[in-house]
Amino acid sequence: MATSREGIPEWKTTIIVSTSLQSHKAIRILSAQAHRIRFSDSVHFGAFIFPLSGTAFLLVDPQDLPEGSGESGVTERIKTFVQVHRNSFLLLFAPFNGKKELETLSVIQCRFLGSNLRVLPVRNDDDIVSGMLTIAKATSRPLSDSISDRMSEARAYIIDKSPVWEMLRETVLLKK
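Residues numbered from 1 in each chain as written. Predicted model: local features only at pLDDT ≥ 70, side-chain atom pairs only at ≥ 80, totals over all residues. Heavy atoms only, no water.

Trainee: Which residues make up the nonpolar core, and what values go with them?
Mentor: Inside soluble globular proteins, nonpolar side chains tend to come together where they are buried. In terms of nonpolar packing, the biggest core is built from 22 residues, with Leu 30, Phe 48, Phe 50, Phe 57 and Met 132 touching the most fellow members. Elements that contribute at least two residues to this core include exactly β1 (14–18), α1 (25–32), β3 (47–50), β4 (55–60), β5 (88–93) and α4 (125–139). With 6 residues, the top contributor of residues to this core is α4. Residue contacts for Phe 57: discarding those within four places in its chain leaves Gly 46, Ala 47, Phe 48, Phe 50, Phe 81, Phe 89, Leu 91, Met 132 and Ile 135. If you look at the next biggest cluster of nonpolar residues, it comprises 16 residues, including Val 43, Ile 78, Leu 90 and Phe 112. (Core = buried A, V, L, I, M, F, W, Y, C linked by side-chain atoms within 4.5 Å. Buried < 20%, exposed > 50% of the residue type's maximum accessible area, 1.4 Å probe, protein only. Helix = DSSP H or I, 4+ residues; strand = E, 2+ residues; numbered from the N terminus. Contact = heavy atoms within 4.5 Å.)

Now the structure itself:
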């Protein structure tokens, strides 16, 4: 693995992308970072799939959504995307946080409340790439194991050093 300027190993992965996004700026950014991009007609329109981390992202522009709360083709697309992908994220592309964008975000969150869809508002192409890579890297196998180990160590340290846990231990010992 190559290393960056700070000495931290760079993370490279394969990404399966919808052919509808071939000319998108996010693809050029990912390619410049030396990620392997594979285009496919068989994935959802506007989808990025990270097979090694098991995450999928669907890029949606709020302008594609209907004005009212009625069902649309985009809503149906999101619904089938959530049904197909267990670990799914919606990249809601909203360059400005105006009233319409916030209402759209609220409608989508309410509509898919209780599903496995997480909504990630993004403002530009750099946010799209950064958000996807951060989530995919954190959920990829070697790093997710490392994060889990560090969380277990932190939990053990807190339990060992916490005054509350010390008080509880003393209380239990006094009752015996």
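Picking up after the structure, the text goes on.
Trainee: Give a detailed account of the packing of aromatic side chains, specifying residues and quantitative values.
Mentor: Aromatic ring pairs are reported here in terms of the distance separating the ring centres and the angle at which the planes meet. Applying the stated criterion across every chain yields a total of 2 aromatic pairs. Note on Phe 50 and Phe 57: the rings are 5.6 Å apart at their centroids and 80° apart in plane angle, and the pair reads as edge-to-face. Under the relative-accessibility criterion, Phe 50 is labelled buried at 1%. Residue class for Phe 57 comes out buried when judged on its relative accessible area of 0%. Arranged with centres 5.1 Å apart and planes meeting at 20°, the rings of Phe 57 and Phe 89 form a pair that is stacked. Residue Phe 57 is located in strand β4, and its partner Phe 89 is located in strand β5; the two are separated by 32 residues in the primary sequence. Comparing Phe 57 with Phe 89, the two get one shared label, buried. (Phe/Tyr/Trp six-rings, centres within 6.5 Å; stacked < 30°, edge-to-face > 60°.)

Trainee: Now, about the pattern of salt bridges: what can you tell me, with residues and values included?
Mentor: Under the counting rule described, the total for this entry stands at 1 salt bridge. For the salt bridge of Glu 76 with Lys 79, the shortest nitrogen-to-oxygen distance reads 3.3 Å. Taken together, the residues span about one helical turn, with Glu 76 and Lys 79 both in helix α2 (residues 73–84) at a distance of 3 residues. The partly exposed category is assigned to Lys 79, whose relative accessible area is 27%. (Salt bridge = Lys/Arg side-chain N within 4 Å of Asp/Glu carboxyl O.)

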